[in-house]
Amino acid sequence: MQPEQILERARGRRVLVVGDLMLDDYIWGTAERISPEAPVPVVRYERRTSGPGGAANVVSNVHSLGGEPIVCGVVGNDEGGRALRARLEQLSTDVRGIVVDPQRVTTQKTRVIAHQQQVVRIDFETTEPVTVELAERMLEFVRSIIASVEVVV
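These numbers were taken from a predicted model, which means no experiment stands behind them. Here the residue numbers are simple positions, counted from 1 along each chain's written sequence. Reporting of local features is limited, given that this is a predicted model, to residues whose pLDDT is at least 70; pairs of side-chain atoms are given and counted only at 80 or more, and all residues count toward the totals for whole chains, interfaces and linings. Processing note: side-chain calculations cover all non-hydrogen atoms of the structure and skip hydrogens and water entirely.

### Section: the sheet that holds strand β8 (residues 151-152)
Put simply, the test is: Pairing between two strands is assigned when DSSP locates at least 2 bridges connecting them. Put simply, DSSP marks the helices as runs of H or I at least four residues long and the strands as runs of E at least two long, and each gets a number from the N terminus on. Contact between two residues is taken to exist if any of their heavy atoms lie within 4.5 Å; hydrogens are not considered. Geometry is summarised by axes, namely lines fitted to C-alpha atoms with helices restricted to the contacting stretch, and by angles between N-to-C directions that run from 0 to 180 degrees.
With parallel pairing, the 4 strands of this open sheet are ordered in space as β5-β4-β1-β8. Across the chains shown, the open sheet's two edge strands, defined by having one partner strand only, are β5 (94-101) and β8. Sheet contacts for helix α4 (residues 132-145): β1 (14-18), β4 (68-76) and β5; angle to β5, the most-contacted strand, approximately 170 degrees.

If you want it as C-alpha cells, here you go:
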C-alpha cells in the first residue's frame, strides 16, 4: 500500500486516544553568557510556545491525518488543564472523556531552549496513580464510546 493510500484510509476514522495528557511548553531565548552564581547559561527570554504532549500529541496527529479524535485522560483543575483542553477543542476533538482531578496538576513539560539547544526541562506532574473513582469514570466513558470508534490508541 502506498503512503497516499494509507493517509486516505485515515480520513474520517473515529479514533479513541486513551493516555497521559500533557502540555508541552517551550521557552525560547538566547544564551550569551554563563551565570556568575553557577556554571549554567543565562537564557534571555524571547518567546514562549506550547502544544499538546503525550497522548494529547497523538490526538493532534490523528487530527492532522484527517481522523476524528476522541480523547480520554486526566488533567488537573488548573491553567495547564484548561489550556490543553482548549487546544484539543481547536482540533475538533471530542473532549468528553477528559476527567478533571482537582487533586492533581496537569502534567506540563517545560523546556528552555537557547540557540536551538535544550538547556533544561522542568516537569510539573503528579506521579501518584489516579484514584479508583477517576479510573472508573474513564472506563465508563470508554465503554460508552467504544462501539462507535474504529481505532483505539
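### Let's talk about the sheet that holds strand β2 (residues 21-34)
Pairing within the open sheet is mixed, and its 4 strands lie in the order β3-β2-β6-β7. For this open sheet the edge positions go to β3 (41-54) and β7 (117-124), each flanked by a neighbour on one side alone. Pairs of neighbouring strands in the sheet enclose a mean axial angle of 20 degrees, with direction left out of account. The pairing of strand β6 (residues 107-114) with β7 spans 7 bridges and is antiparallel. Among the inter-strand pairings, Ile 113 is bridged to a residue of β7, identified as Gln 118.

### Let's talk about helix α2 (residues 55-64)
We apply this condition: Per-residue accessibility, obtained with a 1.4 Å probe over protein chains only, is compared with the maximum for each type, and a residue is labelled buried under 20%, exposed over 50%, and partly exposed between these values. What the arc describes is the spread of directions from the helix axis to the C-beta atoms.
Buried residues of α2: Ala 55, Ala 56, Val 59, Ser 60 and Val 62, and no others. In a view along the axis of α2, the buried residues occupy a sector of 160 degrees, so they form one face of it. Elements that come into contact with the buried residues of α2 comprise β1, β2, β3, β4 and α3 (79-90). Positive backbone phi, approximately 95 degrees, marks Gly 66, located one or two places after α2.

### Focus on a nonpolar patch on the surface
Threshold: What makes a patch is a set of residues exposed beyond 30% relative accessible area and free of salt bridges, joined within 9 Å when like-charged and within 5 Å when nonpolar (Val, Leu, Ile, Met, Phe, Trp, Tyr). To be clear on the numbers: accessible area is Shrake-Rupley with a 1.4 Å probe, and residue cover counts the displayed protein chains and nothing else. We count a salt bridge whenever a side-chain nitrogen from Lys or Arg sits within 4 Å of a carboxyl oxygen from Asp or Glu.
A surface patch of nonpolar side chains, about 370 Å² in accessible area, is lined by Val 105, Val 119, Val 120, Ile 122 and Phe 124. Tracing the chain through its elements places Val 105 in the loop between β5 and β6. For Val 105, a relative accessible area of 38% puts it in the partly exposed group.

### Some remarks on α4
Given 3.6 residues per helical turn, the α-helix brings residues three or four places apart onto the same face. What counts is decided by this rule: Expected span of a helix: the number of residues minus one, times 1.5 Å.
The terminal C-alpha atoms of α4 lie 20 Å apart, and with 14 residues this matches the ideal 20 Å at 1.5 Å per residue to within 8%. Every buried residue of α4 is listed here: Leu 134, Met 138, Phe 141, Val 142 and Ile 145. Relative to the axis of α4, the buried residues are bounded by an arc of 100 degrees and lie together on one face. Opposite the packed face of α4, turned more than 90 degrees from it, sit the exposed residues Val 132, Glu 133, Glu 140, Arg 143 and Ser 144. Summarising the contacts, the buried residues of α4 are in contact with β1, β4 and β5.

### Re the packing of aromatic side chains
Basically, it comes down to this: Here is the rule: rings of Phe, Tyr and Trp (six-membered ring for Trp) pair when centre to centre is within 6.5 Å. Planes less than 30 degrees apart are stacked, more than 60 are edge-to-face, and the remainder are tilted.
Inspection of the entire model under this criterion finds 1 aromatic pair. Taking the centre distance of 5.9 Å and the plane angle of 25 degrees together, the rings of Tyr 26 and Trp 28 count as stacked. By relative accessible area, which is 25% here, Tyr 26 ends up partly exposed.

### Some points on the environment of Glu 125
Residue placement: Glu 125 occurs in the loop between β7 and α4. For Glu 125, a relative accessible area of 37% corresponds to the partly exposed category. What Glu 125 contacts, discounting residues up to four positions off in sequence, is Val 105, Thr 107 and Lys 109.

### Some thoughts on the environment of Gly 19
You can see Gly 19 is positioned in the loop between β1 and β2. Between the C-alpha atoms of Gly 19 and Pro 52, which are 33 residues apart in sequence, the distance is 12 Å.

Treat this as a map of the structure, not an account of what it does.
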